[in-house]
Each structure stands twice: as structure tokens, then as C-alpha cells.
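Chain by chain, the residues:
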Amino acid sequence: MTLERFARFAGLAAFTALMAACAHAPTGDKAGAVAKAPAVPLDAIVPMPAQIEPARSAPVRIDATTAVDACGDEAQAAARYFVDLVQRTRGFALAVDCAAKKPARGIRFVFHEGRDALAGWYRLKAEAGVIEISSGGDNGLFYGAVSLWQLLTAQPGDANAPVAIGAGAITDFPRYPWRGLMLDSARHYQPPDFIKKLIDAMALHKLNTLHWHLTDDQGWRIEIKKYPRLTDVGAWRVPPGPAAAKDIDPATGKPRRYGGYYTQDEIRDIVAYAAQRHITIVPEIDMPGHAQAAIAAYPELGTGEKPAVSTDWGVHTYLLNVDESTFEFIDGVLDEVVELFPSRYIHIGGDEAAKDRWKASRRVQARRRQLGLADDAALQSWFVGRLEKMLEEHDRKLIGWDEILEGGTLPASASVMSWRGTAGAIEAAREGHDVVLSPSPDLYLDNLQSDRADEPSGRPYLVTLEKLYGFEPTPAELDAEQAKHVRGAQVNVWVEHMRTTARVEHAVFPRLAAIAEVTWSPRERRDWQGFLARLPAQFARYRALDIGYAESAFLPRATLAADAAQPDAVSVTLANQTGFGTLRYTRDGSEPTAASPAYEAAISVPAGTPLRAATFAGDAPLTRSVAIATDAAALRRRTSGELKPCRENGLVIRLEDDAPLAGERPFYSVDIFDACWIWPQADLAASSAIEVDVGSLPYNFQLWHDTKNIVRRKPATAHGELEIRRGGCTGKPWLKLPLKPAAGNVERTTLQAKLPRRGTKSAATEDLCFVFTRPDTKTLWAVDQVRLVP
């Protein structure tokens, strides 16, 4: 019986017992370890293989003495990649050889030269002491190597111990030819070594396309030798806010610049590195919108303005103009882009081209009329058509965001990436265009993956691991013939709110494993519970390869309430997002172990008990432990992530503070249209004072036509106030806390006030509403934490 079937049908308790057996197999006698540990089933792989045929014969034993046979360049390349992975994660120093006489036992990589095969197809067969991986394609051999490596790392225990692989055969191939991830390197630059690390991780998930977003309003990241100012000017900006303004570069005497770019040599190296791992890099040069960095470098490309490289997030209005000189510039850029990137597709962006400046430009409008175009949407369609002809001359294909469907007839050879839901994919496929699904919010990894109060920065829509795993790339609205145009899907990693590479990894993993299974495995083979059962081993692989990942789907989450039966006790309820694993806890602050009590129902503990909890899979911890404060003060404080936003239709973003410049920065959940929070049913009866930690951030958002939705409250003093209301957010303020003490502080400030006396008939608990007044919209004030003082 397979591992996940065992988990489903025998129940979690039996599954955890099995995992415990794996973890505690004796390691002194390694042969005995193999005998006692169950054989690794052939479906212990992410993504789930297309077909598996188990056999009843003896498992195949793999240890440090196992021979690896591979003849020919294709087979040797896959074999060397495999042994390197095994060396780094299991400690086996296997040797690759091409033996004239094939060994009776061992691992064989076989390339069937001249045999036609579906791209990525491979067969892995385990029988009679031999594991053979065969394919008619070098990428198939590579994916077979990844699958075998996963089988060797599927069980916990001694990394150097032999492994028994269950007998049988895997016949595997991808469901879609485009299995991708988009990385935004324009908003925040990531160093080349991190790009390679991400490529390595993609390869281990059998993804094959890295869509690289290299240009935007906030930065131009690709060296173009013909136009050096694109990187001399366009690759750099000064971050907003007073903290960055005070960070003076001694070499210039001016605020330190932030940014970077990739030289052409670095790009060639990265492209070759990806190709060795069977990953194609598709570059994106965003046009005509998202071009402010290019226009900052060469103002003649715009409509008359000379902007700086943007420090804001959102929809900007700087567009490339439609002069012939601008198309000469674009052609010069594309000449160098196609030389660096051998990909069939070049992404031209085309999204969010806010046409205000086109409408206001006499030159642009004269050109539109000269071309006989009805409106600016038609002008953009014409613009896209010009780009398609340029790329056709380079024997490349155009792909762009779904706005390229608007305003006219899209060239027949163009492909569409659908991001505004799936409507663009449906329309394009019906018109005969190939499509890639990357809809917002479903596949946007800048969206938060949990609503935990300690989740790092991100956009508000929850894209949980389960939600992403449930995504179906082929829209149900397409018939069988139209569905053939669906090339696949990708997740998008927009990094406005991911300043560091650690934040990128937190957003990407393990959700990358989910999109891998969505795009590789047959739909009928996908199973959520089975996927969860395979993740503990995947997490162990991440740790072995130093890949950071989020535990958000599995971390224990505590809900505290006063214990009505015991005045000095607190009732604690534990849960995690997925319901997977066993929650274990301690009452003395020590680290939970497999012997710690398993959580079954709400725990009543004396106030102040130092609880600590972690999620376990079998006897092994699946997550780090979390400390749970149970003192009386814990019931009387709320963070911004625990408070409720005042409006359901606002835009609550989890934002990172701009200070301190070095070290960890706090995160705030704040509605950027209306900075307003509610503490439902705050216990005011036994409270005498209130403390509110507040922080300030630069209001660096380009909201385009949504600017009118910003709520402005007139201040009573020069710096503004934090207003607190009882019972709701209307009426006169109950308290006003001046912001003057916080105005000059780039970090957090604690505001304090005594609570006014309430009437004798007032309810013990009431809603508290917190809002800021401010003299301008340059600063965004945010609540970090609120505390009621007894």
C-alpha cells in the first residue's frame, strides 16, 4: 500500500507510527536498518508521477557502494547531477562509470537515441537489484534523476543509511509544457547566486520556465550596451522615507542609492546554468507602460516629462511614446535581449498602461490620428503589433499580459498570459492563441499564505497552500480543441513587499511544490491529503539544501479566552491551517518532543503558564515550536494583524516598516485607503490606561484613479493625532493621542493615555476604533500593538 493511501485509509495515528518506525530504524547495522524500515513506495515523489505500477518482488537496496552506470553524454549528465544531489543530501559518494559489462546490481541511466518521446517523458524501473532510468530525451533522464533522488530522501533517519526502494515501475511525463515561475527582479534586485539557487529549486520540482521580469518603473536590471544610461541611471533609486534620507553615502555626500543590475556576462552565465537544468528563461521587457525607469534614463522616450526612477508601488502613468525614434530604441534593446536569451518567447509586458499622458500629449494624439486609430486602446494594439513584427524578424514569438487582447486584432502568432483572472485565457484560446495561466489572486505569491499575525509583508488576499493546490489551469469554459491552446501555468512572485531574498523564499516555498503538482501531474492523480503526507520529506530536502520555506500552513495557532469556570485560568485552543499532523505542547516552556502531550481539546491553564507548541509528523517535528503567552496581559493586547480593519472593501496590506535600516523591521497590517482598526469587545471594565505602539511609513503608492478613495481626516494639531472611539468609528473621539512624540522618530513610538471614566451603566466590553488624522498624505501611520493597562 502506498504511503499516502496508508495515511488515508489506516488513519493518521497509523501513519505517524509508520513514520516513527522510519525515524527510529537502527543505524549501527545498516543492512538491518533496511530490513526493518519499510521500503520507500514509488509514489513518495513531488510532483506525483503520471503512472505507477508496483511489483511484489523484493525492494532494490541502494547504499554508498552502489554502482551508477551511464554511457553517452545525455546519460552521464543526468547521472552526475543525480550523484551530486545524493552526495549533498544523503552523504553517499557514488561514482559514475560506463561499464562494458553491466553490473548485476546498481543504478543505470539509459538514453534511447533516436527514439521519439514526449518532452520530459521517462521510465524508472526497480527490479532484481537494479534501478534503471530510461528516456529518449535528455530532459526525461534529468527528471528521472530527480525522482530517484526524491525516493532516496523520502524517509527520515540516518542520512548515510542504506535505502530500500519498492519494486515496480514509474512511467512519467508532464501534463503541460509550460510549468513556471515569474520572478520580479525590477522592484528589488536579487544577486545572481540567488537566481541560481531559485533555478536549482525549480528544477527539483520539475518546473521548466523562469519568466524573468527585468524592467519596471522602479528599476531597469539588464545591461544594454547600446544604451548605458538604462543601468547607469535606471537601475538605481533612493528609497523613500526619513530613514533612507539620513543614510548618507560618504563617497557622494548624498543619500545612498539602492538597486543593481545584471551584466550581460552574468546573464549568459545564468541562462547557461538554467539550460543545464532544463529550464528556459523568458525575459520580460515591459512596454509601453511600467517604463518610468527607462524614461528616467532617456526622457525623450516619454511624453515630455523627466521623472526620476520611481520609489512608489502601484499603477504609474509614464508610457513610452510612439515616435519612430522610440521604436528604434526598442529594436536596439531587443537586438541585445535576443542575443542573451535563446528562448522562443520574449515577454513584452503590455499590462496596466495607464494612458493619461498619452491622452494629454499633442504629439501622441497627432500620431494616433495619422494612423487612423479610433482611440488609445487601438494605439496600444498597434504598438504591440509593431513589437510582434520586430520579434518575428528575430525568429521569436511575442507573449504578453492579457491587455494585449484589447484595442484591435492580436497577431496570430502572439501568445497571451492571463493575469486578470482566467477571462483573458478563455478569450485568447477561443481566438486560436496559445495561453499561459497566471491569474491574480490565485497564482500570485505576493499574496499572504496565512492570516497569522506574525506573517511577513504581502498583499491581503489569502492564497493558502490548499487553495493554490486546487487551481485548475484549463478553464472549464473551453472545449477540447480550444483547450489544446493552454500551454500551462505559472506562479508570479511580485516583490514590492519582499525586500530580501529570505522573504522571497518564504513566499515561494512550499507553494512551489503545489504548482509543480498542478502543472505536472494528471488531474486525476492529484490528491490534497496525499500531497500533505509527502511534504514532511520535502521540507527535509529544503533544509538539506538550505532552502528557506514557510511553515504557515502547519504552525500551531493559539486562541486565548478567559476561563469562565476558573477566574485565574486561561483557556487555550490550538489548531493549524491544514489540520495535518499532531499538535504537541509543553506547560513549562520547554521544547515539545514526540513524548509531549498531544492536543485534543481546549487546555485550561493557570494564567502565566509558559505554553509551547509544535506540529509533528510521526515522531519528527514538522514545524518550529511557538511560545504561547498565557498571562493576563496576553488577553489585553492586540497586534495590528489581530485587530480588524474597519472597512470590508478597503485595501489592507501587510507592510514592512522602512526602519531600522539594519536588522529586522516590524510589519503592520494597514488599509492604505483608510488607516483604521477595530478591537472588537475590548475589556474596558478593569482597564485604567491604554498604550499604543505606532509606526510611520512613507506613503509611496501610485493609486491612479483610486486616489479619490483615500480617506483624509483633518488634524487638530500640526502633526496629527491618533483618535480612539468607543462603540464604533463614528461620533466624537473618546481619546485623542497627539502624534508629536512620534513625528521625529523613524522607528516605533509608544503613545499612552489614561482612560476617561465611563458611566456606571457602561458595558464591560466595547468595540474600540483607532484612526489617524494627518496633515498630508506623505506619511502613513500604522498601529503596531495596543495594550490595555489594568
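Residues numbered from 1 in each chain as written. Predicted model: local features only at pLDDT ≥ 70, side-chain atom pairs only at ≥ 80, totals over all residues. Heavy atoms only, no water.

**A closer look at the overall build of the protein chain**
Right, so step 1: Helix and strand content of the protein chain: 21 helices and 43 strands.
Right, so step 2: Here the C-alpha radius of gyration of the protein chain, 29 Å, is about what a compact globule of 790 residues would show, namely 28 Å.
Right, so step 3: Dimensions of the protein chain, computed from the C-alpha atoms along their principal axes, are close to 90 × 80 × 55 Å.
Right, so step 4: Of all 790 residues assigned to the protein chain, the portion counted as buried reaches 57%.
Right, so step 5: Sequence-distant contacts in the protein chain: of pairs separated by 6 or more residues, those separated by 24 or more amount to 73%.
Right, so step 6: Of the accessible surface of the protein chain, which amounts to about 31900 Å², a share of 50% is contributed by carbon and sulfur atoms.
Right, so step 7: Side chains of the protein chain carry 92 positive and 99 negative charges; the gap between the two charge centres is 4 Å. (Helix = DSSP H or I, 4+ residues; strand = E, 2+ residues; numbered from the N terminus. Rg over C-alpha atoms; globule rule 2.2 N^0.38 Å. Buried < 20%, exposed > 50% of the residue type's maximum accessible area, 1.4 Å probe, protein only. Contact = heavy atoms within 4.5 Å. Areas by Shrake-Rupley, 256 points an atom, 1.4 Å probe, with all protein chains shown as cover. Lys, Arg positive; Asp, Glu negative; His and termini not counted. Charge placed at Lys NZ, Arg CZ, Asp CG, Glu CD.)

**Considerations on the sheet that holds strand β4 (residues 96–97)**
Through backbone hydrogen bonds, the strands of a sheet pair up, either in parallel or in antiparallel fashion.
Right, so step 1: Sheet architecture is open: seven strands sit in the order β1-β9-β6-β7-β5-β3-β4, paired in mixed fashion. Sheet topology places β1 (51–54) and β4 at the edges, where each strand pairs with a single neighbour.
Right, so step 2: Across three bridges, strand β3 (residues 68–70) lies against strand β5 (residues 106–111) in parallel orientation. Directly across from Ala70, in β5, lies its bridge partner Phe109. (Pairing = 2+ DSSP bridges.)

**Topic: the environment of Ile248**
Right, so step 1: Tracing the backbone shows Ile248 in strand β15 (residues 248–249).
Right, so step 2: Separated by 156 residues in the primary sequence, Ile248 and Ile404 have C-alpha atoms spaced 43 Å apart.
Right, so step 3: When residues no more than four places from it in sequence are discounted, the contact partners of Ile248 are Gly253, Lys254, Pro255 and Arg256.

**Describing the nonpolar core**
Right, so step 1: Grouped together as the largest cluster of nonpolar side chains are 156 residues, with contacts concentrated most on Phe82, Phe109, Leu181, Ile222, Leu230, Ile330 and Phe341.
Right, so step 2: When residues in this core are grouped by element, the largest group, nine residues, is from helix α5 (residues 138–152).
Right, so step 3: Membership of the second largest hydrophobic core comes to 41 residues, among which are Val670, Leu703, Leu722 and Leu739. (Core = buried A, V, L, I, M, F, W, Y, C linked by side-chain atoms within 4.5 Å.)

**Looking at the pattern of salt bridges**
Right, so step 1: By the definition in use, this model includes 44 salt bridges.
Right, so step 2: Measuring nitrogen to oxygen at the nearest pair gives 2.6 Å for the salt bridge that ties Arg277 to Asp200. With Arg277 in the loop between α9 (264–276) and β18 (280–287) and Asp200 in helix α6 (residues 192–204), the pair connects residues that are 77 residues apart, well separated along the chain.
Right, so step 3: The salt bridge involving Arg647 is made with Asp671; its shortest N-O contact spans 3.8 Å. Of the two residues, Arg647 is situated in the loop between β33 (644–645) and β34 (652–656) and Asp671 in strand β35 (residues 667–671); the sequence distance between them amounts to 24 residues.
Right, so step 4: Because the salt bridges share partners, they merge into one network encompassing Arg175, Glu472, Arg523 and Arg526. (Salt bridge = Lys/Arg side-chain N within 4 Å of Asp/Glu carboxyl O.)

**Some words on unusual backbone geometry**
Right, so step 1: Following Phe509, the chain continues into Pro510 via a peptide bond in cis, with omega recorded as 10°.
Right, so step 2: Summarising the element assignment, Pro510 is placed in the loop between α18 (501–508) and α19 (511–520).
Right, so step 3: The residue after Ala659, namely Pro660, is reached through a cis peptide bond having omega 0°.
Right, so step 4: As for its placement among the helices and strands, Pro660 is situated in the loop between β34 and β35.
Right, so step 5: Positive phi outside glycine occurs at Glu352, with the angle close to 50°.
Right, so step 6: Inspection of the secondary structure assignment puts Glu352 in the loop between β20 (345–349) and α12 (356–360).
Right, so step 7: For Glu352, a relative accessible area of 27% translates into the label partly exposed.

**Here's the deal with the state of the cysteines**
Right, so step 1: All chains considered together, the criterion is met by three disulfides.
Right, so step 2: Paired through a disulfide, Cys646 and Cys676 show a sulfur-sulfur distance of 2.0 Å. Its torsion about the S-S bond being -80°, the disulfide of Cys646 and Cys676 is classed as left-handed. A residue pair is termed long-range when its members are at least 10 positions apart, and Cys646 in the loop between β33 and β34 and Cys676 in strand β36 (residues 676–683) qualify at 30 residues.
Right, so step 3: Owing to a relative accessible area of 25%, Cys646 belongs among the partly exposed residues under this scheme.
Right, so step 4: The exposure class assigned to Cys676 is buried, which follows from its relative accessible area of 2%.
Right, so step 5: The disulfide bridge from Cys729 ends at Cys769, spanning 2.0 Å between sulfur atoms. A torsion of 105° about the S-S bond marks the disulfide between Cys729 and Cys769 as right-handed. (Disulfide = S-S within 2.5 Å.)

**Let's talk about helix α20 (residues 528–544)**
Right, so step 1: With 17 residues, α20 should cover 24 Å at 1.5 Å per step; its first-to-last C-alpha distance of 25 Å lies within 8% of that length.
Right, so step 2: Bending of α20 peaks at approximately 35° at the position of Leu535, with proline Pro536 no more than four residues after it.
Right, so step 3: Within α20, 13 of the 17 residues are buried, leaving the element largely enclosed by the surrounding structure.
Right, so step 4: Once α20 ends, the next one or two residues include Asp546, with phi positive near 60°. (Expected span 1.5 Å × (residues − 1). Bend = angle between axes of the 7 residues up to and from the residue.)

**Thoughts on the sheet that holds strand β26 (residues 569–575)**
Right, so step 1: Pairing is antiparallel in the open sheet, where three strands are placed in the order β25-β26-β28. The open sheet is flanked by β25 (557–562) and β28 (603–606), the only strands paired with a single partner. Pairs of neighbouring strands in the sheet enclose a mean axial angle of 35°, with direction left out of account.
Right, so step 2: Here four bridges tie β26 to β28, and the two strands are oriented antiparallel to one another. Residue pairing for β28: Ala569 is matched across the bridge by Pro606. (Axes fitted to C-alpha atoms, helices over the stretch in contact; angles between N-to-C directions.)

**Observations concerning the side chain of Asp312**
Right, so step 1: Note that Asp312 resides in the loop between α10 (292–297) and β19 (313–314).
Right, so step 2: Nearest to the buried, unbridged Asp312 among oppositely charged side chains is Arg237, at 8.7 Å.
Right, so step 3: Here Gln702 takes part through its side chain, which lies 2.8 Å from a polar atom of the side chain of Asp312.
Right, so step 4: With residues up to four places along the chain from it excluded, the contact list for Asp312 reads Gln218, Asn700, Phe701 and Gln702. (Polar contact = N/O pair within 3.5 Å; in protein donor to acceptor, adjacent residues only side chain to side chain.)

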